[in-house]
Amino acid sequence: METDAVRHIKDPLYETLRQEDIAAFNAEKSARSELPSFAHGDFRGLDLRGLDAQGLDLSHAYFRGADLRGIDFSHSLMEGASIAGAKISGCFFPHKLAAEEIVMSLNHGTRMRYCAQQ
């Protein structure tokens, strides 16, 4: 698979997110012992406010125009994700993502790269 290829994931948990049923997603997520990878997932334009993102693999995911306000991504994998035009007020991003990477992705759609720990 190409590293930039966006895809739909064949898992009921992903479909719950695509339907913007965040309460059901969070409940099902907490009941599962193992989570699917959401890497390369298509989340364009979705309202994901309230999402429990802890432990999710969102690497290379596509969030163009999504409403991500208030989500804590600090314990999620987000390398290679794109947040072009997304609403990110109040978001908490992984420590490995430099502010410049977030701004470049938000304004220009670039894929976010992790920086070395300092």
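For the structure, check the block above.
Draft legend 1. Structural view of the nonpolar core. Residues Phe43, Phe63 and Leu68 are the most contacted members of the largest nonpolar core, which totals 30 residues. Of all the secondary-structure elements, those providing two or more residues to this core are helix H1 (12-18) and helix H2 (22-31). Here this core gets 3 residues from one element, more than from any other, and that element is H1. Residues within four places of Phe63 in sequence aside, it is in contact with Phe43, Arg44, Leu48, Leu58, Leu68, Met78, Ala81, Ser82, Ile83, Ala84 and Ala86.

Draft legend 2. Expanded view of the state of the cysteines. Counting across every chain of the model gives 0 disulfides. Cysteine Cys91 is unpaired, with the sulfur of Cys115 as its nearest cysteine sulfur at 18 Å. For Cys115, a relative accessible area of 32% puts it in the partly exposed group.

Draft legend 3. The packing of aromatic side chains, seen in detail. Tallying each qualifying case throughout the model produces 7 aromatic pairs. Between Tyr14 and Phe43, the ring centres sit 5.6 Å apart and the planes meet at 75 degrees, which makes this aromatic pair edge-to-face. Placement of the pair is Tyr14 in helix H1 and Phe43 in the loop between H2 and helix H3 (99-108), with a sequence separation of 29 residues. The two residues Tyr14 and Phe43 agree in class, both being buried. Each residue in the set Tyr14, Phe25, Phe38, Phe43, Phe63, Phe73 and Phe93 is aromatic and connected to the rest through ring pairs, giving one cluster.

Draft legend 4. View of the environment of Pro36. With respect to the helices and strands, Pro36 occurs in the loop between H2 and H3. Spatially, the C-alpha atom of Pro36 lies 8.0 Å from that of Asp57, the residues being 21 residues apart in sequence. Discounting residues that sit within four places of it in the chain, Pro36 has contacts with Asp11 and Leu13.

Draft legend 5. Spatial organisation of H2. Burial in H2 covers these residues: Ile22, Phe25, Asn26 and Lys29. Buried residues of H2 fall within an arc of 95 degrees about the axis and therefore sit on the same side. Residues of H2 that are exposed and angled more than 90 degrees away from the buried face: Ala23 and Ala31. Where the residues of H2 are buried, they touch H1.

Cut-offs used in this document
- Residues numbered from 1 in each chain as written.
- Predicted model: local features only at pLDDT ≥ 70, side-chain atom pairs only at ≥ 80, totals over all residues.
- Heavy atoms only, no water.
- Core = buried A, V, L, I, M, F, W, Y, C linked by side-chain atoms within 4.5 Å.
- Buried < 20%, exposed > 50% of the residue type's maximum accessible area, 1.4 Å probe, protein only.
- Helix = DSSP H or I, 4+ residues; strand = E, 2+ residues; numbered from the N terminus.
- Contact = heavy atoms within 4.5 Å.
- Disulfide = S-S within 2.5 Å.
- Phe/Tyr/Trp six-rings, centres within 6.5 Å; stacked < 30°, edge-to-face > 60°.
- Arc of directions from axis to C-beta.

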